[in-house]
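# Architecture at a glance
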Amino acid sequence: MPPTGRIHAPAIDTGWAERAPATDAMYNPALIACLLSAAAGTHLKRASSGLPVALSFIVTPMALHRDTRQALTETTVRTHLRTWAERNPMVRVGFPERAQDLVPVVRQGLRFALRHHVLGLNGDMLLPQGRLPHRIPEHPELEDILRTSGLLGRWLAVNDPAAVFALLGVTP
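Below is a summary of the structure that appears in this document.

Definitions and limits used
Residues numbered from 1 in each chain as written. Predicted model: local features only at pLDDT ≥ 70, side-chain atom pairs only at ≥ 80, totals over all residues. Heavy atoms only, no water. Helix = DSSP H or I, 4+ residues; strand = E, 2+ residues; numbered from the N terminus. Buried < 20%, exposed > 50% of the residue type's maximum accessible area, 1.4 Å probe, protein only. Contact = heavy atoms within 4.5 Å. Areas by Shrake-Rupley, 256 points an atom, 1.4 Å probe, with all protein chains shown as cover. Phe/Tyr/Trp six-rings, centres within 6.5 Å; stacked < 30°, edge-to-face > 60°. Core = buried A, V, L, I, M, F, W, Y, C linked by side-chain atoms within 4.5 Å. Pairing = 2+ DSSP bridges. Patch = residues over 30% accessible without salt bridge, like charges linked within 9 Å, V, L, I, M, F, W, Y side chains within 5 Å. Salt bridge = Lys/Arg side-chain N within 4 Å of Asp/Glu carboxyl O. Lys, Arg positive; Asp, Glu negative; His and termini not counted. Charge placed at Lys NZ, Arg CZ, Asp CG, Glu CD. Axes fitted to C-alpha atoms, helices over the stretch in contact; angles between N-to-C directions. Parallel < 35°, antiparallel > 145°, perpendicular 65-115°, else oblique. Left-handed = near helix turned anticlockwise from the far one by under 90°. Nonpolar A, V, L, I, M, F, W, Y, C, P; charged D, E, K, R; others polar.

On to the overall build of the chain. Of the regular secondary structure elements, the chain holds 9 helices and 3 strands. Start at the N end of the chain and walk to the C end: the helices and strands fall as α-α-β-α-α-α-α-α-β-β-α-α. With 172 residues in all, the chain has 47% of them scored as buried. Pairs at least 24 residues apart make up 72% of the contacts formed inside the chain by residues separated by at least 6 positions. Put simply, the chain shows about 8,800 Å² of open surface, and 54% of that area lies on carbon and sulfur atoms.

Here's what the structure looks like:
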């Protein structure tokens, strides 16, 4: 994945054998399932409700985008989303396109998570099911993605999903 700019996700019908190894790693349905489970788990603790499915399409492009993760490193859940967005306007540049590019990847990750009981669905809310792998491989970027996903789950729990979409320039 390029460190900046637009994410070019593979088409959903592209076979795994046709994808580059880096693409396999970053857009692996199991990785998407894990990052959404991390977000849903912290969202549940903070909001006492599941993560709205629609926010999966916000969490994933934010967690996978290196510049966004770096901009979030000094953020706490006390920082309001609008304040963070004003302080980091470059992160918002291209976000709608990145989010749109990742829609097929997020859908594939959601299907994987539901099929393998990593996440459960209650109405339009995602709930963690505690079925993550016993040992997630150690890798600094992977750890950063999962940590950021957890932060996003907590952080987005205090924000209205419609306001999040509007602020980031996307529609559900």
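Applying the stated criterion across every chain, the model contains 1 aromatic pair. Between Trp84 and Trp155, the ring centres sit 5.5 Å apart and the planes meet at 90 degrees, which makes this aromatic pair edge-to-face. Taken together, the positions of Trp84 in helix H5 (residues 81-87) and Trp155 in helix H8 (residues 140-156) put the pair 71 residues apart, joining distant regions of the chain.

Attention shifts here to the nonpolar core. Grouped together as the largest cluster of nonpolar side chains are 47 residues, with contacts concentrated most on Leu35, Ile58, Met62, Leu64 and Trp84. At the level of elements, helix H2 (29-47), helix H3 (56-64), helix H4 (66-72), H5, helix H7 (95-115), H8 and helix H9 (161-168) are the ones that each hand at least two residues to this core.

What follows is about the sheet that holds strand S3 (residues 125-128). Think of a sheet as strands paired side by side through backbone hydrogen bonds, with each pair either parallel or antiparallel. With antiparallel pairing, the 3 strands of this open sheet are ordered in space as S1-S3-S2. The sheet is open, and its two borders are formed by strand S1 (51-52) and strand S2 (119-122), each paired with just one other strand. By the bridge criterion, 4 bridges tie S2 to S3 in an arrangement that is antiparallel. Note on S3: the bridge partner recorded for Leu121 is Leu126.

This part takes up a positive patch on the surface. Judged by side-chain charge, Lys45, Arg46, Arg78 and Arg154 come together as a positively charged surface patch. When you line up the elements, Arg154 lands in helix H8. Judged by relative accessible area, which is 34%, Arg154 ranks as partly exposed.

Time to look at the packing of H2 against H3. Between H2 and H3, the shortest axis-to-axis distance is 10 Å and the interhelical angle comes to 110 degrees. Regarding the angle of H2 to H3, the classification is roughly perpendicular. For the crossing formed where H2 meets H3, the hand is right-handed. Residues Leu31, Ile32, Leu35, Leu36 and Ala39 of H2 pack against Ser56, Val59, Thr60, Ala63 and Leu64 of H3. When the residues that make up the contact of H2 with H3 are grouped by side-chain class, the tally is 8 nonpolar, 2 polar and no charged.

Nothing here speaks to function; it is geometry throughout.
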